[in-house]
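Structural features, examined
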Amino acid sequence: HYFIQSNLSMTELKWPITVKSYVKEKLTHGRLTKTNTHPLQGVIQYQDTQAEEEQPESETSRKRGGSEILGDPLRDDPLMSDPLSDPLSDPLSSDPLSVGDPLSSNPLMSVPLGPAPRSKPLLSASKSRRMSPPPPVDLWLERRGNILSKFTTSEKLTLSSGSNKQDRGGGASSTLPEKVRDRLEQLDEMEDGPNLSNLTQAEYTRKMDEMGKCLYEAWGSEQRVKALKLAIQLSKLLLDTSTPQFYPSKFVMITDILVKFGGLVYARLKEKSAVVQGHVTIPLRSDFTPEDVPESAKETASNWFYKIASIRELLPRLYLKLSIIKCNKFLSFDQHRTVLSQTCLEARGIGDPLVANYMRCYISRMGALTDPLFDNYLHPLLNDALFIYPQILVRGRKLKDIPVSGYCITFTPAYDWLMSCLAHHLAPEDLDNLIAQVAEIKNNGILLNAILSSLPQQYVSDHVFGLVDQIVQCQETAFPVFYLLKNLGEKLTSNVTSCENMSSRDRKKLLKIVWSQLSSLEGKIDEYMECAVTWLHFICLEQNNTKDLDIVLDDIIKHLLPARTFEACYPTLDKMLAILLSSQDDITQLFSLSKFLPFLDLFQKESVKVDACKAVLAAFQKKNVSKTSSAVAVSGFIYIGKALHNSVNALTNEDQKRDISDLINSFISSVSYDKNFEEQLGFYVECRAAFSNLDSILASLVQCVCNLAIDTLNIVKVGREKTFPLSEYLMLQPETVSGFDSINDSLFVSLRRVPRC
């Protein structure tokens, strides 16, 4: 022994060095057991016998060397400790496919490598939760239709679910027995699907539908393995990101088939769980527990998990595991929750950010279907999505066939769904933290769009100015600003009550900020019009806001008049007109706008103009409850009526003439100047000159003049004997001969109102 002396705080410390006694430690910790295996060596033995898809495991395959293999294939999974480890990427000696039938072995035997280093989580799980019911299951169905209609392509597509065979076995496959290697190659060939190129989107979709139909037919004919192989082929199609703008639609179509496949497996297991007592079959109750499931059904469920865990490639393995996640209930009450958390970690092994984010979208979708109240897996799922967010812009800038903004838009459905699932479980204070964390990320347009699409409308309305500030700071090249402004407007107008509660001052301030951004969209008329429609609706929610409406309509006209740009925007103009008409209780108020008639002049195509004028008169006919005498409104309606009248020609059929006449007559009957008979008569004269080609309108005008004459005679107290000559004179006029019967009936009705002298 010797001593090292040092001074520390005026205190002398002594550090003795002792001799290590291995004999003493051996006696203390007990004797070591001898082993004949290497710790990295697999424990699965080769088997040459094949098993059917639902054959139960034998007792021999369960116990090896006195130790029992765990019956639960997902328990003690090393992936739970290492998110990046892949049980099928270890040496092939531990690959379940290298042993005969994977149904009779444990496919999850691998060596944990320890947790992968990660940065500090961007979002931590909060103990506070929103006290509200889980999101409805059909929420995905609403988004599904929008995705399929929006994400399309005109490019040629390639349908190939095969993979590079060199990546499957590598050099290690040469060490396997020849019989096992042949079986692996045969299995790989079964997993490979068709290889077709130069397909249009319709042809591509039809091919996938055919594969889905083949899957259902194979299942119906008891060919379970073939159905599984077809499901693997479909999931492999999601590896192809050569056409990013079509990937969201492809994801929706393929996952729909995979979800149905999982439903088939679940129904099969539930059918096998039925108990036969004598001649009576007792089905498994809907709220069953694992204790209610017979052992044979549990064995079949385990075999399905073994089979899917044997898939070599990561992506199809994860998709198929999630598709049958509900089947975990046959083995354990809450095993599906472990699977969700495990799959979140496994998804980190996917390199392509587009593929990875849609995998996370599928995880959250299956989690919502299986256990809507469970949300612990959503926090790490979003953290991972935020962690890889910078890779999206990096990859997008490297693409040559699609702009960065177009590439970023393809991520919106995945982020929107993921954010909506998480936001539903968060308390208001957690939402504040989420927005603050998103604000720290550069070029966060995709995330802001997800927030606008997913958060509650009332919350967005309360924090609208903070969100607008973040939108203004976004770079146009990374994510289109108009897209964010459009979604913000849609969110605000989705709840009329909360939008109306916004003060007039805040509305004007918000509108000023937004419209300054819209006006800067020079040369992007489509983007401008998409946003203008939404924010026009926002303005119309405030009644009698004629000043702002005039300003907005004037700006729209200025954008559309140059180079006759309006000719390409008729559908959007129709939407704007519909918003203006539906938002006004009194249609005559629209004519007080100085820019309303110039706005109608943008409808210059004959058929479009006729439809627009019909819509205005129909709205007036529907909403009008009182007479009007406004000179501005009357002049405007006559202008619209003239446009309809002038559209009548030799090719116009009688039904069209009748519809136009009814609309104009409805307007004529709604104009009243009370006892100002001279002005009333002048109005009828003007209408006779404007609508002279429609006989039914002339007949209606004659009736109106007769009624006006009777009203005048009532005031001056002229008797019936002086009324008849006037009536006879009116009936004998050439213009009224065609409508003699109707005029005659109206005349006698009116005469009854004349007092006797």
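Cut-offs and rules
Residues numbered from 1 in each chain as written. Predicted model: local features only at pLDDT ≥ 70, side-chain atom pairs only at ≥ 80, totals over all residues. Heavy atoms only, no water. Helix = DSSP H or I, 4+ residues; strand = E, 2+ residues; numbered from the N terminus. Buried < 20%, exposed > 50% of the residue type's maximum accessible area, 1.4 Å probe, protein only. Areas by Shrake-Rupley, 256 points an atom, 1.4 Å probe, with all protein chains shown as cover. Salt bridge = Lys/Arg side-chain N within 4 Å of Asp/Glu carboxyl O. Contact = heavy atoms within 4.5 Å. Phe/Tyr/Trp six-rings, centres within 6.5 Å; stacked < 30°, edge-to-face > 60°. Lys NZ or Arg CZ within 6 Å of the ring centre and 35° of its normal. Axes fitted to C-alpha atoms, helices over the stretch in contact; angles between N-to-C directions. Parallel < 35°, antiparallel > 145°, perpendicular 65-115°, else oblique. Left-handed = near helix turned anticlockwise from the far one by under 90°. Expected span 1.5 Å × (residues − 1). Core = buried A, V, L, I, M, F, W, Y, C linked by side-chain atoms within 4.5 Å. Polar contact = N/O pair within 3.5 Å; in protein donor to acceptor, adjacent residues only side chain to side chain. Nonpolar A, V, L, I, M, F, W, Y, C, P; charged D, E, K, R; others polar. Patch = residues over 30% accessible without salt bridge, like charges linked within 9 Å, V, L, I, M, F, W, Y side chains within 5 Å. pLDDT = per-residue confidence, 0-100.

Focus on the overall build of the protein chain
A count of helical and extended segments in the protein chain gives 33 helices and eight strands. For the protein chain, buried positions account for 50% of its 757 residues. Surface exposure of the protein chain reaches about 38,000 Å², of which carbon and sulfur atoms provide 54%.

Brief notes about the pattern of salt bridges
Across all of its chains, the model carries 19 salt bridges by this definition. A salt bridge links Asp371 to Arg337; the shortest N-O distance between them is 2.7 Å. In this pair, Asp371 is assigned in the loop between α11 (353–370) and α12 (378–387) and Arg337 in helix α10 (residues 335–346), connecting sequence segments 34 residues apart. According to the relative accessible area criterion, Asp371 is buried, its value standing at 10%.

Observations regarding the environment of Ser273
With respect to the helices and strands, Ser273 occurs in the loop between α7 (247–272) and β7 (275–277). A residue is classified by how much of its surface remains accessible, and Ser273, at 1% relative accessible area, is buried. Beyond its immediate sequence surroundings of up to four residues, Ser273 is in contact with Leu284, Val293, Pro294, Ala297 and Phe330.

Focus: the packing of aromatic side chains
A full pass over the atoms with the stated rule returns 28 aromatic pairs. Judged by centre distance (5.2 Å) and plane angle (75 degrees), the ring pair of Tyr407 and Phe411 falls under edge-to-face. Just as Tyr407 is buried, Phe411 falls in that class too. An aromatic cluster is built from Phe591, Phe596, Phe620, Phe637, Phe667, Tyr673, Phe683 and Tyr684, whose rings are joined through pairwise contacts. Above the face of the Tyr266 ring, Lys326 is positioned so that its terminal group lies 4.6 Å from the ring centre. Between the NZ or CZ atom of Lys509 and the centre of the ring of Phe465, over which it lies, the distance is 4.8 Å.

Thoughts on unusual backbone geometry
Positioned with a positive phi, Ala563 is a non-glycine residue whose angle comes to about 60 degrees. With respect to the helices, strands and loops of the structure, Ala563 is situated in the loop between α24 (546–560) and α25 (570–583). Residue class for Ala563 comes out exposed when judged on its relative accessible area of 78%. Phi is positive for Arg564, which is not a glycine, with a value near 50 degrees.

A short note on the environment of Leu467
Residue position: Leu467 is located in helix α19 (residues 464–473). Of the residues examined, Leu467 reaches a relative accessible area of 3% and is grouped as buried. Between the C-alpha atom of Leu467 and that of Leu488, which follows or precedes it by 21 residues, the distance is 8.7 Å. Discounting residues that sit within four places of it in the chain, Leu467 has contacts with Ile435, Ile451, Leu452 and Val460.

Topic: the packing of helix α17 (residues 445–454) against helix α20 (residues 481–493)
At a minimum axis separation of 9 Å, α17 and α20 run at an interaxial angle of 15 degrees. Between α17 and α20, the angle falls in the class roughly parallel. The handedness of the crossing between α17 and α20 comes out as left-handed. Facing Gly445, Leu448, Asn449, Leu452, Ser453 and Ser454 of α17, the residues of α20 in contact are Tyr483, Leu484, Asn487, Leu488 and Lys491.

With respect to α20
The end-to-end C-alpha distance of α20 is 19 Å, a good match for the 18 Å that 13 residues give at a rise of 1.5 Å each. Counting buried positions along α20 gives 12 out of 13 residues, so the element sits mostly inside the fold. Buried within α20 are the following residues: Val481, Phe482, Tyr483, Leu484, Leu485, Lys486, Asn487, Leu488, Gly489, Lys491, Leu492 and Thr493.

Description of the nonpolar core
Counting 198 residues, the largest nonpolar core has Phe251, Phe261, Trp535, Leu573, Phe599, Ile668 and Phe683 as its most contacted members. With 11 residues, the single largest contributor to this core is α7. Apart from the residues lying within four places of it in its own chain, the contact partners of Ile668 are Phe683, Tyr684, Cys687, Phe691, Ile697, Leu701 and Cys704.

Notes on the side chain of Glu313
Along the chain, Glu313 falls in the loop between α8 (295–309) and α9 (314–323). Given a relative accessible area of 19%, Glu313 falls into the buried group. Of the polar contacts made by the side chain of Glu313, one reaches the side chain of Lys236; its length is 3.4 Å.

As for the side chain of Arg224
Secondary-structure assignment places Arg224 in helix α6 (residues 224–236). Owing to a relative accessible area of 6%, Arg224 belongs among the buried residues under this scheme. Within the local environment of Arg224, its side chain forms a polar contact with the side chain of Glu222, the two groups lying 2.6 Å apart.

Examining the packing of α9 against α10
Between α9 and α10, whose axes approach to 11 Å, the crossing angle comes to 160 degrees. Accordingly, the angle class assigned to the pair α9 and α10 is roughly antiparallel. Relative to α10, the crossing made by α9 is left-handed. Facing α9, whose interface residues are Leu314, Leu318, Lys321 and Leu322, α10 presents Val339, Leu340, Gln342, Thr343 and Glu346. Across the contact of α9 with α10, the residue classes tally to five nonpolar, two polar and two charged.

Some points on a nonpolar patch on the surface
Together, Val275, Val280 and Ile282 make up an exposed nonpolar region whose accessible area comes to about 220 Å². By the element assignment, Val275 lies in strand β7.

A word on the confidence of the model for the protein chain
The predicted model of the protein chain has a mean per-residue pLDDT of 77, with 72% of residues at 70 or higher. Here strand β4 (residues 67–68) is the element of the protein chain with the lowest mean pLDDT, 36, and α9 is the one with the highest, 94. Within the model, pLDDT remains below 50 along residues 164–174, and this stretch shows 13 contacts once partners closer than five positions in the same chain are excluded.

Focus: the environment of Glu686
Relative to the helices and strands, Glu686 is located in helix α30 (residues 677–690). Given a relative accessible area of 42%, Glu686 falls into the partly exposed group. C-alpha separation for the pair Glu686 and Ile638, spaced 48 residues apart in sequence, amounts to 8.9 Å.

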